[in-house]
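# Structure at a glance
Residues per chain are reported as follows:
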Amino acid sequence: MNRFLLLALTAGLLSPIAANAGDWVYMARGENEMRRKEVGITKKECFKIKREEQKKARKNKYKLSYNKCFSTKLRN
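None of the values given here were measured: they were computed from a predicted structure. (Residues numbered from 1 in each chain as written. Predicted model: local features only at pLDDT ≥ 70, side-chain atom pairs only at ≥ 80, totals over all residues. Heavy atoms only, no water.)

What follows covers the nonpolar core. With six residues, the main nonpolar core is built from Trp24, Tyr26, Ala28, Ile41, Cys46 and Cys69. At three residues, the largest contribution of residues to this core is made by strand E1 (residues 24–29). (Core = buried A, V, L, I, M, F, W, Y, C linked by side-chain atoms within 4.5 Å. Buried < 20%, exposed > 50% of the residue type's maximum accessible area, 1.4 Å probe, protein only. Helix = DSSP H or I, 4+ residues; strand = E, 2+ residues; numbered from the N terminus.)

Set out below in structure tokens:
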């Protein structure tokens, strides 16, 4: 019985954390490719990936037509 109570308590404590984990989406489109990452990404990770993609584009001399981080939360 105690195991089930502990399981319910743990699930209740972790659910708000899991709900906040994937609030940001990163999308990039170069000359001939498009990537999208949206599972479990934070705002900080999103902007880090964006910077790395911009560096790679400058190094390899190709143009990014779309390189954006945005929140997936609905705005009222």
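Having seen the model, we can carry on.
Before going further, it helps to spend a moment on the side chain of asparagine 67. Structurally, asparagine 67 is set in strand E3 (residues 66–71). Side-chain polar atoms of asparagine 67 contact the side chain of tyrosine 26, separated by 2.7 Å. Not counting the four nearest positions on each side in its chain, asparagine 67 is found in contact with Tyr26, Met27, Ala28, Lys50, Glu53 and Gln54. (Polar contact = N/O pair within 3.5 Å; in protein donor to acceptor, adjacent residues only side chain to side chain. Contact = heavy atoms within 4.5 Å.)

This brings us to the packing of aromatic side chains. Tallying each qualifying case throughout the model produces one aromatic pair. A cation sits over an aromatic face here: arginine 29 above tyrosine 66, 5.6 Å from the ring centre. (Phe/Tyr/Trp six-rings, centres within 6.5 Å; stacked < 30°, edge-to-face > 60°. Lys NZ or Arg CZ within 6 Å of the ring centre and 35° of its normal.)

Across the protein, the average pLDDT comes to 75, with 62% of residues at 70 or higher. Looking at the elements of the protein, mean pLDDT is at its lowest for helix H1 (residues 2–21), recorded as 59, and at its highest for helix H2 (residues 43–60), recorded as 90. (pLDDT = per-residue confidence, 0-100.)

Once that is clear, we can look at the state of the cysteines. Per the counting criterion, the structure on display carries one disulfide. Covalently, cysteine 46 is tied to cysteine 69 through a disulfide, its sulfur atoms 2.5 Å apart. Across the S-S bond linking cysteine 46 and cysteine 69, the dihedral sits near -115°, which makes this disulfide left-handed. Residue cysteine 46 is found in helix H2, and its partner cysteine 69 is found in strand E3; the two are separated by 23 residues along the sequence. On the basis of relative accessible area, cysteine 46 is assigned to the buried category, the value being 0%. Using a relative accessible area of 9% as the deciding quantity, one classes cysteine 69 as buried. (Disulfide = S-S within 2.5 Å.)

All right, on to the environment of tyrosine 62 then. Position of tyrosine 62 relative to the elements: it lies in the loop between H2 and E3. Relative accessible area serves as the criterion here: at 17%, tyrosine 62 is assigned to the buried category. Spatially, the C-alpha atoms of tyrosine 62 and glutamate 31 are 7.0 Å apart, while their sequence positions differ by 31 residues. If we ignore the near neighbours within four places in the chain, the residues touching tyrosine 62 are Gly30, Glu31, Arg35, Glu53, Lys56 and Ala57.

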